[in-house]
Amino acid sequence: MSDNNSKTLCAHVEEELQVKDPKSYLALIQPATHYCQGCGRSAAKAENVCKPKKIS
Ligand SMILES: [Zn+2]
C-alpha cells in the first residue's frame, strides 16, 4: 500500500481497511480532530476525509 497517505478514509473503508488492517485504520481515526460532512466518519487528519469539518 503506497498511497495510504493520500487516500481518504472514505476510500479506505470502501476497500475494508478496517477489516484487513485494523491497526492502520485506527491510526487514521485516532485522535479524531475532523469529521466528514459527506459520510459522517471521523478522522485524525482533515485530508483523510472527503468533506472535512473540524470537531470543536
Ligand atoms: Zn466522506
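Residues numbered from 1 in each chain as written. Predicted model: local features only at pLDDT ≥ 70, side-chain atom pairs only at ≥ 80, totals over all residues. Heavy atoms only, no water.

Draft legend 1. The coordination of the zinc ion, seen in detail. With distances of 2.2 to 2.4 Å, the protein atoms coordinating the zinc ion are Cys10 (SG), Cys36 (SG), Cys39 (SG) and Cys50 (SG). Seen from the zinc ion, its 4 donor atoms lie at angles of 91 to 158 degrees, and the figure they make is irregular. All donors to the zinc ion come from one chain, and their sequence spacing reads C-x25-C-x2-C-x10-C. Here Cys10, found in helix H1 (residues 9-14), pairs with Cys39, found in the loop between strand S1 (34-36) and strand S2 (42-43); they are 29 residues apart in sequence, far enough to count as distant. For Cys10, a relative accessible area of 11% gives the class buried. (Donors = N, O, S within 2.8 Å, 3.2 Å for Na, K, Ca; no water. Tetrahedral: all angles 85-135°; square planar, octahedral: opposite > 155°, others 65-115°. Helix = DSSP H or I, 4+ residues; strand = E, 2+ residues; numbered from the N terminus. Buried < 20%, exposed > 50% of the residue type's maximum accessible area, 1.4 Å probe, protein only.)

Draft legend 2. Representation of helix H3 (residues 22-29) within the structure. Taken residue by residue, H3 has Tyr25, Leu28 and Ile29 as its buried positions. Relative to the axis of H3, the buried residues are bounded by an arc of 90 degrees and lie together on one face. Structural note: H3 exposes Lys23 and Ala27 on the side pointing more than 90 degrees away from its buried face. Buried positions along H3 lie against H1, helix H2 (17-20) and S2. (Arc of directions from axis to C-beta. Contact = heavy atoms within 4.5 Å.)

Draft legend 3. Broad picture of the sheet that holds strand S3 (residues 52-54). The antiparallel open sheet is built from 3 strands, whose spatial order is S2-S1-S3. Only two strands of the sheet have a single neighbouring strand rather than two, namely S2 and S3. Bridge analysis of S1 against S2 gives 2 bridges, and the strand direction is antiparallel. Bridged to His34 within S2 is Ala43. (Pairing = 2+ DSSP bridges.)

Draft legend 4. Up close: the pattern of salt bridges. Summed over the entire model, instances satisfying the criterion amount to 1 salt bridge. Residue Glu15 pairs with Lys7 through a salt bridge whose shortest N-O separation is 2.7 Å. Looking at Glu15, the relative accessible area reads 44%, which means it is partly exposed. Owing to a relative accessible area of 15%, Lys7 belongs among the buried residues under this scheme. (Salt bridge = Lys/Arg side-chain N within 4 Å of Asp/Glu carboxyl O.)

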